[in-house]
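Working through the structure, step by step
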Amino acid sequence: MDLDVSALKLGLLCLAALSAGFVDAIAGGGGLITLPALLTAGLPTHVALGTNKGQSVFGSGAALVRFARAGLVDGKLARVTFPFGLLGALGGAALVLLLSPEVLKPLVLVLLIAVAVFLAFRRAPPRQDGVEPSPRPRAQAIGALIALGIGTYDGFFGPGTGTFLIVAFSSLLGHGLARASADAKVVNFASNLASITLFALRGVVLWKVALPMAAAQFTGAWLGAHVAVKGGDRLVRIVVLGVVAALVLKLGRDVWFNWAA
(Lines give C-alpha, C1' and ligand atoms only; values in the text may rest on other atoms or scores of the structure.)
Protein backbone atom coordinates (compact mmCIF):
# COMPACT_ATOMS: atom_id res chain seq x y z
CA MET A 1 0.00 0.00 0.00
CA ASP A 2 1.57 3.26 -1.14
CA LEU A 3 0.00 6.29 0.52
CA ASP A 4 2.09 9.41 1.00
CA VAL A 5 2.30 10.81 4.55
CA SER A 6 4.67 13.73 5.13
CA ALA A 7 7.16 13.83 7.99
CA LEU A 8 5.19 16.65 9.62
CA LYS A 9 1.94 14.69 9.48
CA LEU A 10 3.68 11.60 10.85
CA GLY A 11 5.11 13.62 13.73
CA LEU A 12 1.67 15.01 14.60
CA LEU A 13 0.16 11.52 14.36
CA CYS A 14 2.78 10.23 16.80
CA LEU A 15 1.96 13.07 19.20
CA ALA A 16 -1.72 12.10 18.94
CA ALA A 17 -0.81 8.47 19.61
CA LEU A 18 1.22 9.44 22.68
CA SER A 19 -1.74 11.38 24.11
CA ALA A 20 -4.20 8.63 23.18
CA GLY A 21 -2.10 5.94 24.84
CA PHE A 22 -1.93 7.94 28.06
CA VAL A 23 -5.69 8.58 28.23
CA ASP A 24 -6.68 5.11 27.03
CA ALA A 25 -4.60 3.35 29.70
CA ILE A 26 -6.49 5.20 32.41
CA ALA A 27 -10.04 5.40 31.11
CA GLY A 28 -10.34 4.14 27.55
CA GLY A 29 -11.32 6.39 24.65
CA GLY A 30 -7.91 6.72 23.01
CA GLY A 31 -9.47 6.06 19.62
CA LEU A 32 -11.27 9.41 19.94
CA ILE A 33 -7.86 11.00 19.41
CA THR A 34 -6.07 8.71 16.95
CA LEU A 35 -8.84 7.79 14.51
CA PRO A 36 -9.86 11.41 13.72
CA ALA A 37 -6.16 12.26 13.44
CA LEU A 38 -5.60 9.50 10.88
CA LEU A 39 -8.66 10.58 8.89
CA THR A 40 -7.51 14.22 8.99
CA ALA A 41 -4.11 13.10 7.66
CA GLY A 42 -5.92 11.93 4.53
CA LEU A 43 -6.05 8.16 4.99
CA PRO A 44 -9.09 6.40 3.49
CA THR A 45 -11.57 5.25 6.12
CA HIS A 46 -10.78 1.53 5.90
CA VAL A 47 -7.02 2.23 6.00
CA ALA A 48 -7.46 4.61 8.94
CA LEU A 49 -9.38 1.93 10.86
CA GLY A 50 -6.77 -0.74 10.13
CA THR A 51 -3.82 1.54 10.92
CA ASN A 52 -5.49 2.68 14.12
CA LYS A 53 -5.77 -0.92 15.33
CA GLY A 54 -2.20 -1.58 14.16
CA GLN A 55 -0.85 1.02 16.56
CA SER A 56 -3.37 0.73 19.42
CA VAL A 57 -2.61 -2.95 20.07
CA PHE A 58 0.83 -1.90 21.33
CA GLY A 59 -0.69 0.64 23.71
CA SER A 60 -3.13 -1.82 25.23
CA GLY A 61 -0.33 -4.36 25.55
CA ALA A 62 1.96 -1.88 27.32
CA ALA A 63 -0.78 -0.83 29.74
CA LEU A 64 -1.61 -4.47 30.48
CA VAL A 65 2.02 -5.25 31.33
CA ARG A 66 2.25 -2.21 33.63
CA PHE A 67 -0.97 -3.13 35.44
CA ALA A 68 0.23 -6.73 35.79
CA ARG A 69 3.52 -5.58 37.31
CA ALA A 70 1.53 -3.53 39.82
CA GLY A 71 -0.38 -6.65 40.87
CA LEU A 72 -3.75 -5.44 39.60
CA VAL A 73 -4.41 -8.22 37.09
CA ASP A 74 -6.24 -11.32 38.33
CA GLY A 75 -4.60 -14.09 36.32
CA LYS A 76 -7.42 -16.58 36.80
CA LEU A 77 -10.05 -14.10 35.65
CA ALA A 78 -7.85 -13.01 32.73
CA ARG A 79 -7.59 -16.61 31.50
CA VAL A 80 -11.34 -16.44 30.93
CA THR A 81 -11.82 -12.85 29.75
CA PHE A 82 -8.95 -12.88 27.23
CA PRO A 83 -10.24 -15.69 24.97
CA PHE A 84 -13.84 -14.50 25.24
CA GLY A 85 -12.76 -10.97 24.32
CA LEU A 86 -10.90 -12.40 21.33
CA LEU A 87 -13.92 -14.39 20.17
CA GLY A 88 -16.26 -11.45 20.69
CA ALA A 89 -14.13 -9.11 18.60
CA LEU A 90 -13.87 -11.64 15.78
CA GLY A 91 -17.65 -12.05 15.82
CA GLY A 92 -18.21 -8.31 15.88
CA ALA A 93 -15.83 -7.72 12.99
CA ALA A 94 -17.72 -10.35 10.97
CA LEU A 95 -21.07 -8.79 11.94
CA VAL A 96 -20.02 -5.34 10.74
CA LEU A 97 -20.01 -6.74 7.20
CA LEU A 98 -23.74 -7.42 7.52
CA LEU A 99 -24.98 -4.36 9.40
CA SER A 100 -23.97 -0.70 9.39
CA PRO A 101 -22.38 0.56 12.64
CA GLU A 102 -24.40 3.77 12.20
CA VAL A 103 -27.47 2.07 13.66
CA LEU A 104 -25.66 1.72 17.00
CA LYS A 105 -24.84 5.41 17.52
CA PRO A 106 -28.14 6.50 19.15
CA LEU A 107 -28.07 3.48 21.49
CA VAL A 108 -24.44 4.07 22.45
CA LEU A 109 -25.18 7.74 23.11
CA VAL A 110 -27.88 6.79 25.64
CA LEU A 111 -25.61 4.19 27.25
CA LEU A 112 -22.76 6.68 27.62
CA ILE A 113 -25.00 9.21 29.34
CA ALA A 114 -26.10 6.42 31.71
CA VAL A 115 -22.42 5.60 32.35
CA ALA A 116 -21.69 9.24 33.23
CA VAL A 117 -24.60 9.36 35.70
CA PHE A 118 -23.55 6.04 37.23
CA LEU A 119 -19.95 7.15 37.76
CA ALA A 120 -20.89 10.57 39.05
CA PHE A 121 -23.13 9.23 41.82
CA ARG A 122 -21.59 5.82 42.54
CA ARG A 123 -20.00 5.40 45.93
CA ALA A 124 -16.43 4.25 45.48
CA PRO A 125 -15.64 0.77 46.86
CA PRO A 126 -12.71 0.37 49.25
CA ARG A 127 -9.42 0.81 47.47
CA GLN A 128 -7.74 -2.45 46.45
CA ASP A 129 -3.96 -2.15 46.22
CA GLY A 130 -3.63 -5.76 45.15
CA VAL A 131 -5.86 -8.43 43.70
CA GLU A 132 -8.31 -10.15 45.98
CA PRO A 133 -9.74 -13.05 43.94
CA SER A 134 -13.47 -12.73 43.28
CA PRO A 135 -15.78 -15.64 44.13
CA ARG A 136 -15.55 -18.49 41.63
CA PRO A 137 -17.10 -19.61 39.36
CA ARG A 138 -19.61 -16.75 39.43
CA ALA A 139 -16.98 -14.05 38.78
CA GLN A 140 -15.51 -16.00 35.88
CA ALA A 141 -18.94 -16.45 34.30
CA ILE A 142 -19.71 -12.73 34.65
CA GLY A 143 -16.25 -11.81 33.37
CA ALA A 144 -16.71 -14.07 30.34
CA LEU A 145 -20.05 -12.44 29.50
CA ILE A 146 -18.56 -8.95 29.87
CA ALA A 147 -15.62 -9.84 27.63
CA LEU A 148 -17.79 -11.54 25.00
CA GLY A 149 -20.43 -8.80 24.87
CA ILE A 150 -18.16 -5.75 24.90
CA GLY A 151 -15.53 -7.52 22.78
CA THR A 152 -18.24 -8.04 20.13
CA TYR A 153 -19.15 -4.36 20.38
CA ASP A 154 -15.48 -3.39 19.95
CA GLY A 155 -15.11 -5.51 16.82
CA PHE A 156 -18.36 -4.12 15.42
CA PHE A 157 -18.27 -0.44 16.36
CA GLY A 158 -15.78 0.47 19.08
CA PRO A 159 -16.16 3.98 20.60
CA GLY A 160 -16.21 3.84 24.39
CA THR A 161 -15.11 0.18 24.61
CA GLY A 162 -12.51 0.75 27.33
CA THR A 163 -14.90 2.93 29.31
CA PHE A 164 -17.73 0.37 29.08
CA LEU A 165 -15.34 -2.37 30.23
CA ILE A 166 -14.20 -0.35 33.24
CA VAL A 167 -17.77 0.38 34.30
CA ALA A 168 -18.86 -3.24 33.75
CA PHE A 169 -16.05 -4.76 35.82
CA SER A 170 -16.50 -2.12 38.49
CA SER A 171 -20.28 -2.40 38.82
CA LEU A 172 -20.81 -6.13 38.20
CA LEU A 173 -17.76 -7.51 40.02
CA GLY A 174 -17.31 -4.73 42.59
CA HIS A 175 -13.73 -3.96 41.59
CA GLY A 176 -12.17 -0.58 42.32
CA LEU A 177 -11.74 1.62 39.25
CA ALA A 178 -7.96 1.18 39.12
CA ARG A 179 -8.31 -2.59 39.14
CA ALA A 180 -11.23 -2.37 36.67
CA SER A 181 -8.89 -0.50 34.31
CA ALA A 182 -6.53 -3.47 34.50
CA ASP A 183 -9.41 -5.90 33.86
CA ALA A 184 -10.43 -3.78 30.86
CA LYS A 185 -6.97 -3.88 29.33
CA VAL A 186 -6.99 -7.69 29.24
CA VAL A 187 -10.12 -7.65 27.07
CA ASN A 188 -8.97 -4.59 25.12
CA PHE A 189 -5.69 -6.26 24.21
CA ALA A 190 -7.53 -9.39 23.07
CA SER A 191 -10.02 -7.47 20.91
CA ASN A 192 -7.23 -5.37 19.40
CA LEU A 193 -5.29 -8.53 18.52
CA ALA A 194 -8.32 -10.01 16.80
CA SER A 195 -9.02 -6.81 14.87
CA ILE A 196 -5.44 -6.23 13.74
CA THR A 197 -5.22 -9.81 12.51
CA LEU A 198 -8.28 -9.33 10.30
CA PHE A 199 -7.17 -5.90 9.05
CA ALA A 200 -3.64 -7.13 8.30
CA LEU A 201 -4.96 -10.12 6.35
CA ARG A 202 -7.04 -7.68 4.28
CA GLY A 203 -3.95 -5.52 3.68
CA VAL A 204 -5.44 -2.30 5.06
CA VAL A 205 -2.77 -1.46 7.69
CA LEU A 206 -0.35 1.28 6.65
CA TRP A 207 2.62 -0.02 8.62
CA LYS A 208 4.95 2.92 7.85
CA VAL A 209 2.50 5.02 9.88
CA ALA A 210 1.29 2.38 12.32
CA LEU A 211 4.72 1.41 13.64
CA PRO A 212 5.98 4.92 14.57
CA MET A 213 2.58 5.63 16.13
CA ALA A 214 2.83 2.31 17.98
CA ALA A 215 6.08 3.40 19.64
CA ALA A 216 4.41 6.63 20.79
CA GLN A 217 1.24 4.78 21.86
CA PHE A 218 3.34 2.30 23.85
CA THR A 219 5.10 5.12 25.70
CA GLY A 220 1.89 6.98 26.45
CA ALA A 221 0.11 3.83 27.62
CA TRP A 222 2.96 2.87 29.95
CA LEU A 223 2.92 6.34 31.51
CA GLY A 224 -0.89 6.38 31.73
CA ALA A 225 -1.03 3.00 33.44
CA HIS A 226 1.64 4.17 35.90
CA VAL A 227 -0.42 7.27 36.71
CA ALA A 228 -3.58 5.16 37.11
CA VAL A 229 -1.80 2.82 39.53
CA LYS A 230 -0.41 5.69 41.60
CA GLY A 231 -3.46 7.95 41.38
CA GLY A 232 -5.99 5.28 42.30
CA ASP A 233 -9.75 5.30 41.87
CA ARG A 234 -10.35 9.05 42.25
CA LEU A 235 -8.09 9.94 39.31
CA VAL A 236 -9.54 7.16 37.14
CA ARG A 237 -13.07 8.36 37.91
CA ILE A 238 -12.24 11.94 36.83
CA VAL A 239 -10.58 10.85 33.58
CA VAL A 240 -13.35 8.36 32.76
CA LEU A 241 -15.98 11.08 33.19
CA GLY A 242 -13.98 13.36 30.89
CA VAL A 243 -13.73 10.64 28.24
CA VAL A 244 -17.46 9.88 28.54
CA ALA A 245 -18.28 13.57 28.06
CA ALA A 246 -16.11 13.70 24.92
CA LEU A 247 -17.74 10.53 23.56
CA VAL A 248 -21.24 11.89 24.22
CA LEU A 249 -20.41 15.12 22.38
CA LYS A 250 -18.87 13.31 19.41
CA LEU A 251 -21.61 10.71 19.01
CA GLY A 252 -24.32 13.31 19.65
CA ARG A 253 -22.86 15.40 16.83
CA ASP A 254 -22.73 12.38 14.51
CA VAL A 255 -26.33 11.41 15.28
CA TRP A 256 -27.55 15.00 14.81
CA PHE A 257 -25.89 15.35 11.40
CA ASN A 258 -27.21 11.94 10.30
CA TRP A 259 -30.75 12.98 11.22
CA ALA A 260 -30.32 16.41 9.63
CA ALA A 261 -29.17 14.78 6.41
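Refer to the structure presented above.
Let me sum up the structure you'll find in this document. Because the structure is predicted, anything quoted here is derived from the model rather than measured.

Calculation rules
- In this numbering scheme, every chain counts its residues from 1 along its sequence in written order.
- In keeping with the model being predicted, local features are shown solely for residues with a pLDDT of at least 70 and side-chain atom pairs are shown and tallied solely at 80 or more, while totals for entire chains, interfaces and linings include all residues.
- Derived side-chain values reflect all non-hydrogen atoms in the structure, with water molecules and hydrogen atoms excluded from consideration.
- Runs of H or I in DSSP of at least four residues are treated as helices and runs of E of at least two as strands, each being numbered from the N terminus.
- Expected helix span is taken as 1.5 Å per residue step, with the number of steps being one fewer than the number of residues.
- Burial here depends on accessible area, computed with a 1.4 Å probe over protein chains only, as a share of the maximum for the residue type. Under 20% is buried, over 50% is exposed, and the range in between is partly exposed.
- For this analysis, a nonpolar core means a set of buried residues of the types Ala, Val, Leu, Ile, Met, Phe, Trp, Tyr and Cys, connected via side-chain atoms within 4.5 Å.
- Only heavy atoms enter the contact rule, under which two residues are in contact if any of them lie within 4.5 Å.
- Simply put, an axis is a line fit to the C-alpha atoms, just over the touching stretch for a helix, and the angle between two N-to-C directions goes from 0 to 180 degrees.
- Residues were grouped as follows: Ala, Val, Leu, Ile, Met, Phe, Trp, Tyr, Cys and Pro as nonpolar; Asp, Glu, Lys and Arg as charged; and all remaining residues, including Gly, as polar.
- To obtain the bend at a residue, axes are fitted to the seven residues ending there and to the seven starting there, and the angle between these axes is taken.
- Two rings from Phe, Tyr or Trp (for Trp, the six-membered ring) form a pair when their centres are within 6.5 Å of each other. A pair whose planes differ by under 30 degrees is stacked, one over 60 is edge-to-face, and the rest are tilted.
- Handedness of a helix crossing follows the sense of rotation of the near helix relative to the far helix, less than a right angle counterclockwise being left-handed and clockwise being right-handed.

Comments concerning helix 8 (residues 177-201)
With 25 residues, helix 8 should cover 36 Å at 1.5 Å per step; its first-to-last C-alpha distance of 36 Å lies within 8% of that length. Buried residues dominate helix 8, accounting for 18 of its 25 residues. Gly 203 lies just past helix 8 and shows a positive phi near 70°.

Examining the nonpolar core
Membership of the largest hydrophobic core comes to 35 residues, with the highest contact counts inside it found for Phe 67, Ile 146, Leu 165 and Phe 169. Those elements that provide at least two residues to this core are helix 1 (7-27), helix 3 (45-69), helix 6 (138-156), helix 7 (161-173), helix 8 and helix 9 (207-260). Of all the elements, helix 9 adds the most residues to this core, at 8 residues. Excluding anything up to four places from it in sequence, Leu 165 contacts Ile 146, Ile 150, Ala 184, Val 187 and Asn 188. Ranked by size, the runner-up nonpolar core spans 15 residues in total, among them Val 5, Leu 13, Val 209 and Ala 216.

As for the packing of helix 1 against helix 8
Packing of helix 1 against helix 8 brings their axes to within 8 Å, and their N-to-C directions diverge by 115°. Residue-level contacts link Asp 24, Ala 25 and Ile 26 of helix 1 to Ser 181, Lys 185 and Asn 188 of helix 8. Looking at side-chain class alone, the contact of helix 1 with helix 8 contains 2 nonpolar, 2 polar and 2 charged residues.

With respect to the environment of Gly 92
Within the secondary structure, Gly 92 is located in helix 4 (residues 75-95). Sequence separation between Gly 92 and Asp 154 is 62 residues, and the spatial gap between their C-alpha atoms is 6.9 Å. If we ignore the near neighbours within four places in the chain, the residues touching Gly 92 are Thr 152, Gly 155 and Phe 156.

A few points about helix 3
Here helix 3 spans 36 Å end to end across 25 residues, near enough to the 36 Å set by a 1.5 Å rise per residue. By the largest-angle criterion, Ser 56 marks the main kink of helix 3, which is about 25°. In terms of burial, helix 3 is a largely internal element, 18 of the 25 residues being buried. Looking at the residues trailing helix 3, positive phi occurs at Gly 71, about 80°.

Concerning the environment of Phe 58
By secondary structure assignment, the location of Phe 58 is in helix 3. Here Phe 58 falls in the partly exposed class, since its relative accessible area comes to 36%. Separated by 152 residues in sequence, Phe 58 and Ala 210 have C-alpha atoms that sit 10.0 Å apart.

Observations concerning the packing of aromatic side chains
Across all of its chains, the model carries 3 aromatic pairs by this definition. Aromatic side chains Phe 82 and Phe 189 sit 6.3 Å apart centroid to centroid with 45° between the ring planes, which places their arrangement in the tilted category. With Phe 82 in helix 4 and Phe 189 in helix 8, this pair connects stretches of sequence that are 107 residues apart. Look at Phe 82 and you get partly exposed, because its relative accessible area is 25%. Since its relative accessible area comes to 22%, Phe 189 is described here as partly exposed. Ring centres of Tyr 153 and Phe 164 lie 5.8 Å apart, and the angle between their planes is 80°; this geometry places the pair in the edge-to-face category.

Focus on the packing of helix 4 against helix 8
Where helix 4 contacts helix 8, the two axes come as close as 8 Å, and the packing angle between them is 35°. The hand of the helix 4/helix 8 crossing is right-handed. Across the interface between the two elements, Leu 77, Ala 78, Thr 81, Phe 82, Gly 85, Leu 86, Ala 89, Leu 90 and Ala 93 of helix 4 pack against Asp 183, Val 186, Val 187, Phe 189, Ala 190, Ser 191, Leu 193, Ala 194 and Leu 198 of helix 8. Of the residues belonging to the contact of helix 4 with helix 8, the class tally is 14 nonpolar, 3 polar and 1 charged.

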